[in-house]
Amino acid sequence: MGTLYDKIVKGGLAILLDPDKESQVDFDAIVANGQKAEASMFLVGGSLVSKPLDSFVNNLKGKTSLPVVLFPGSAMQFTPVADGILFLSLISGRNPDFLIGHHVTVAPMVKQSGVEVIPTGYILIDGGAPTSVQYMSQTMPIPASKPDIAVATAIAGELLGLKAIYLEAGSGAKNEVPAKVIEAVRKAISVPLIVGGGIRSKQQFTDALSAGANLVVVGNGLETNPRMFG
Ligand code: 1GP
């Protein structure tokens, strides 16, 4: 695995930018503050992306030296100008499109591009209210009160050869992934753990790291307050 994977293992902050929010959000402030806060990477993606990603990613790469990694909501969200891609399989769900379908569609293009691929088991945890990812994927999240199901799912992902596990409460989730779920999954797997969804304060970020996350993803929190990390 290459340098991007090493950065995920090392962990810290990953900042999620949703290209569809470009006109509503001060991305320049988020990028400048993220750089200052020593974020480890930018993730780019969303449930809907209504324009080609190439120019968005190129523009972002002109503003930061940090890696730009795709966090795709569908096979349409690929561009070879990114540094890497979280190749997500939605293993908490039973929708074949999001387990393998989109992957088949885009696989030849991804392979040819040479971008670093991080095969990632994507696990939705109930964040207390319906989220876009649940609706778009037509899958049910794992109840937040059932860490044993999250653990079994994460172990299955690791046994299938996935190189990272992402515990996702959903963008803008009411509740973040509970510490007890993060702790239980951390103990059960040896691949790096990514956690995101509903993290709106530095304290929540630190709590997720303390519970065992390698990389903690923040999107909405920084859109509202680009200075969340100082
Ligand atoms: C969503 O985990 C990310 O996929 C980030 O969520 O926007 O709630 O920070 P937020």
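Predicted model only: the values in this text are computed from it and were never measured.

Q: Please give an account of the layout of surface pockets that cites residues and values.
A: Size it by volume and the largest pocket reaches roughly 740 Å³. Together, 47 residues line the largest pocket, and Gly-46, Ser-47, Phe-71, Gly-73 and Tyr-122 are the ones closest to its centre. Elements that contribute at least two residues to the lining of the largest pocket include exactly strand 1 (12–17), strand 4 (84–90), helix 4 (96–113), helix 5 (132–137), strand 6 (164–168), strand 8 (215–218) and helix 9 (220–224). The leading source of residues in the lining of the largest pocket is strand 4, at five residues. Grouping the constituent residues of the lining of the largest pocket by class yields 21 nonpolar, 20 polar and six charged.

Q: So what's going on with the packing of helix 6 (residues 147–159) against helix 7 (residues 179–188)? Residues and values would help.
A: Each pair of packed helices can be summarised by the angle the axes make with each other and by the distance between the axes. At a closest axis distance of 9 Å, the pairing of helix 6 and helix 7 adopts a crossing angle of 35°. Crossing of helix 6 against helix 7: the hand is right-handed. Across the interface between the two elements, Pro-147, Ala-150, Val-151, Ala-154, Ile-155 and Glu-158 from helix 6 touch Lys-180, Val-181, Ala-184, Val-185 and Ala-188 from helix 7. Residues that form the contact of helix 6 with helix 7 fall into these classes: nine nonpolar, no polar and two charged.

Q: Quick rundown of the packing of aromatic side chains? Include the residues and the values.
A: Here the structure, examined in full by the defined rule, presents five aromatic pairs. Aromatic pair Phe-27 and Phe-56: ring centres 5.7 Å apart, planes at 75°, arrangement edge-to-face. One end of the pair, Phe-27, is in helix 2 (residues 27–36); the other, Phe-56, is in helix 3 (residues 53–61), and 29 residues separate them in sequence. This pair shows no difference in class: Phe-27 is buried, exactly as Phe-56 is. A ring pair is formed by Tyr-122 and Tyr-166, whose centres lie 5.1 Å apart and whose planes are at 85°; its orientation type is edge-to-face. With a gap of 44 residues between them, Tyr-122 in strand 5 (residues 116–124) and Tyr-166 in strand 6 connect regions that are remote in the sequence. With respect to class, Tyr-122 is no different from Tyr-166; both count as buried. Taken together, Phe-71, Tyr-122 and Tyr-166 form an aromatic cluster joined through their ring pairs.

Q: Outline the nonpolar core, supporting the account with residue identities and numerical values.
A: The biggest cluster of nonpolar side chains holds 77 residues, and the ones touching the most others in it are Leu-17, Leu-43, Leu-86, Ile-165, Leu-167, Ile-182 and Val-185. Per-element tally for this core: the top contributor is strand 1, with five residues. In contact with Leu-167, not counting residues within four places along its chain, are Ile-123, Ile-125, Val-177, Val-181, Ile-182, Val-185, Leu-193, Ile-194, Val-195 and Gly-196.

Conventions we followed
Residues numbered from 1 in each chain as written. Predicted model: local features only at pLDDT ≥ 70, side-chain atom pairs only at ≥ 80, totals over all residues. Heavy atoms only, no water. 1 Å grid on protein atoms, 1.4 Å probe; cavity = no way out; pocket = protein on both sides within 12 Å on 5 of 7 lines; lining within 4 Å. Points joined across faces, edges and corners; volume = space filled by probe spheres on them. Helix = DSSP H or I, 4+ residues; strand = E, 2+ residues; numbered from the N terminus. Nonpolar A, V, L, I, M, F, W, Y, C, P; charged D, E, K, R; others polar. Axes fitted to C-alpha atoms, helices over the stretch in contact; angles between N-to-C directions. Left-handed = near helix turned anticlockwise from the far one by under 90°. Contact = heavy atoms within 4.5 Å. Phe/Tyr/Trp six-rings, centres within 6.5 Å; stacked < 30°, edge-to-face > 60°. Buried < 20%, exposed > 50% of the residue type's maximum accessible area, 1.4 Å probe, protein only. Core = buried A, V, L, I, M, F, W, Y, C linked by side-chain atoms within 4.5 Å.

Geometric descriptors of this kind do not, in isolation, establish any biological role.
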